[in-house]
Amino acid sequence: MPRRYLFFAELAYAYPILRPLQRAIAARGDEVRWLLLPTCPDNLGDGEQRVGTLKEAAAYAPDAIFAPGNFIYYFLPGIKVKVFHGYPINKRNYEVDNHFRRRGWFDMLCTQGDSSYLPFLRLSEEHPYFKVYKTGWAKMDDFFPLTEEPAPDGPPTILYATTFTRRFTSAYLMPDIIDDIARRKPWRWLLTLHPKLTDPQLIARYQALDQKHDNVTFKRAVTVDDMRGTQAMLCDSSSIILEYMMLRKPVVTFRNTQPGAHLIDVSTPDEVMPAIEHALTRPTDLMDNIEAFTAHHEAFRDGRNCERILDAVDDFISHYQGRLSPKPLNLSRKLIQRWQARNL
């Protein structure tokens, strides 16, 4: 009998994470449905099926529910599987990275590499109500295996992306900097903003750059194919930095909270353009450091992470479902969940 899976989509970033998994599910002859929360835009395409309400989701009776975010409705049937929405980069410089906060919602975690697997494994040994698997990140199946990219036809293209946290985002400073560089350099620019940056005035500033400069394009979201078409990234402290470096491409950061030898980090507007010029030369030491850094965060580069995730679900169902310690009661948070979900 085919397995049934449910995708729990809270924000638009769920699509590029879960769609590779959807393909792997279909290849096995299994079924999948999407549950889109009100915060997630409806970008479903032909052949992608959804459940419209929580009642429909419960009636669908999934064997497992996959969530890229930090929470999931505990009262839905099926094992709860966290597949993550980014890599652990501790951009806030917490003594204990918030990425590793135990929330008590999930039965199993499908981690990406040693940077996430080992800390969560230690936590699962201390709190044995969930299991941890090292599967690689579902989103990376669209990145790997890498292919040789042709040299750009004309000037290089620079991707600009940003985090959403107000203390760390460069989004409010960068329009003037990019405006100046776009006027002085023939480089092409592809600009995007984090999905949680929804300030209309901020978005309008980036749209104005698109309209002002022939060499500037603004997109609300970018794909891996967009990334492949660029030669360097300008960013701040977003986890998209790691995704970009998986393509073996250099990154310039503006006031990064965790700078290192894998980045070219600058702190003043005047340093941005020279740093990009240096990045475009792809210096050997920088590229070697990028390779080592990404290997620590992503265990596999064969494009089969989603198969490992589904194998992990099969293993959990066969060996651990119903046999782990009880999850934390979380009574107050469960009441909040019920209240928030009352009209869905």
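Just above, that's the structure.
Please read these numbers as outputs of a predicted model, since none were measured by experiment.

Draft legend 1. Main features of the overall build of the chain. Across its full length, the chain carries 11 helices and 12 strands. Computed over the C-alpha atoms, the radius of gyration of the chain is 21 Å, within 12% of the 20 Å expected from 2.2 N^0.38 for a compact globule of 344 residues. Its C-alpha atoms put the chain at 60 × 40 × 40 Å along the principal axes. With 344 residues in all, the chain has 51% of them scored as buried. Long-range pairs, those at least 24 residues apart, make up 69% of the contacts in the chain with a sequence separation of at least 6. Looking at the chain as shown, the accessible area adds up to about 16100 Å², and 50% of this sits on carbon and sulfur atoms. Counting 44 positive and 42 negative side-chain charges, the chain places the averaged centre of each group 7 Å from the other.

Draft legend 2. Molecular detail of the sheet that holds strand S6 (residues 131-134). As summarised here, the arrangement of the 6 strands in space is S2-S1-S3-S4-S5-S6, forming an open sheet in which the pairing is parallel. The sheet terminates laterally at strand S2 (31-36) and S6, the two strands that pair on one side only. Across the sheet, the mean angle separating the axes of adjacent strands is 25° when strand polarity is ignored. Here strand S3 (residues 64-67) runs beside strand S4 (residues 79-82); their pairing, made up of 4 bridges, is parallel. In the strand pairing of S4, Ala-64 is matched with Ile-79. Seen against the sheet, helix H1 (residues 14-27) touches strand S1 (4-9), S2 and S3 and runs at an angle of roughly 160° to S2. Across the sheet, helix H10 (residues 305-319) touches S1, S3, S4, strand S5 (108-111) and S6, and the angle it forms with S5 is around 155°.

Draft legend 3. Spatial organisation of helix H4 (residues 174-184). Those residues of H4 not exposed but buried are Met-174, Pro-175, Ile-177, Ile-178, Ile-181 and Ala-182. Seen end-on, H4 carries its buried residues on one side only, within an arc spanning 160°. When the buried face of H4 is taken as reference, the exposed residues oriented beyond 90 degrees from it are Asp-176, Arg-183 and Arg-184.

Draft legend 4. Region of interest: the packing of aromatic side chains. Applying the stated criterion across every chain, the model contains 16 aromatic pairs. The interplanar angle of 90° and the centroid separation of 5.5 Å between the aromatic rings of Phe-8 and Phe-71 together place this pair among those described as edge-to-face. In this pair, Phe-8 is assigned in strand S1 and Phe-71 in the loop between S3 and S4, connecting sequence segments 63 residues apart. Assessed through its relative accessible area of 1%, Phe-8 is described here as buried. Judged by centre distance (5.6 Å) and plane angle (50°), the ring pair of Phe-84 and Phe-120 falls under tilted. Here Phe-84 is found in the loop between S4 and S5, whereas its partner Phe-120 is found in helix H3 (residues 114-126), with 36 residues between them in sequence. The buried category is assigned to Phe-84, whose relative accessible area is 1%. A connected cluster of aromatic rings, assembled from ring pairs, spans Phe-8, Phe-71, Tyr-73, Tyr-74, Phe-75 and Trp-105.

Draft legend 5. Quick peek at the side chain of Lys-82. Relative to the assigned elements, Lys-82 resides in strand S4. The charged side chain of Lys-82 is buried without a salt bridge, its nearest counter-charge being Glu-10 at 9.5 Å. A polar side-chain atom of Lys-82 sits 3.0 Å from a polar atom in the side chain of Asn-70. Apart from residues lying up to four places away in sequence, Lys-82 is in contact with Ala-67, Gly-69, Asn-70, Arg-103, Phe-106, Met-108, Leu-109 and Cys-110.

Draft legend 6. A look at the sheet that holds strand S11 (residues 251-254). Taken together, the 6 strands give an open sheet; going across it, the order is S9-S8-S7-S10-S11-S12, and neighbouring strands pair in parallel fashion. Both outer strands of the open sheet, strand S9 (216-218) and strand S12 (264-266), are each paired with one neighbouring strand and no more. Adjacent strand axes in the sheet meet at a mean angle of 20° when their direction is disregarded. The sheet contact formed by strand S7 (residues 157-160) and strand S8 (residues 188-191) spans 4 bridges and is parallel. Counterpart to Thr-157 in the pairing with S8 is Arg-188.

Draft legend 7. Quick peek at the pairing of S7. Here S7 shows a buried face lined by Thr-157 and Leu-159 and a second buried face lined by Ile-158 and Tyr-160. Note that the unit made of S7, H4 and S8 has a crossover that is right-handed. Here S7 runs beside strand S10 (residues 232-235); their pairing, made up of 3 bridges, is parallel. The residue bridging Leu-159 from the neighbouring strand is Met-233, located in S10.

Definitions and limits used
- Residues numbered from 1 in each chain as written.
- Predicted model: local features only at pLDDT ≥ 70, side-chain atom pairs only at ≥ 80, totals over all residues.
- Heavy atoms only, no water.
- Helix = DSSP H or I, 4+ residues; strand = E, 2+ residues; numbered from the N terminus.
- Rg over C-alpha atoms; globule rule 2.2 N^0.38 Å.
- Buried < 20%, exposed > 50% of the residue type's maximum accessible area, 1.4 Å probe, protein only.
- Contact = heavy atoms within 4.5 Å.
- Areas by Shrake-Rupley, 256 points an atom, 1.4 Å probe, with all protein chains shown as cover.
- Lys, Arg positive; Asp, Glu negative; His and termini not counted.
- Charge placed at Lys NZ, Arg CZ, Asp CG, Glu CD.
- Pairing = 2+ DSSP bridges.
- Axes fitted to C-alpha atoms, helices over the stretch in contact; angles between N-to-C directions.
- Arc of directions from axis to C-beta.
- Phe/Tyr/Trp six-rings, centres within 6.5 Å; stacked < 30°, edge-to-face > 60°.
- Salt bridge = Lys/Arg side-chain N within 4 Å of Asp/Glu carboxyl O.
- Polar contact = N/O pair within 3.5 Å; in protein donor to acceptor, adjacent residues only side chain to side chain.
- Right-handed = clockwise from strand over helix to strand, strands pointing away.

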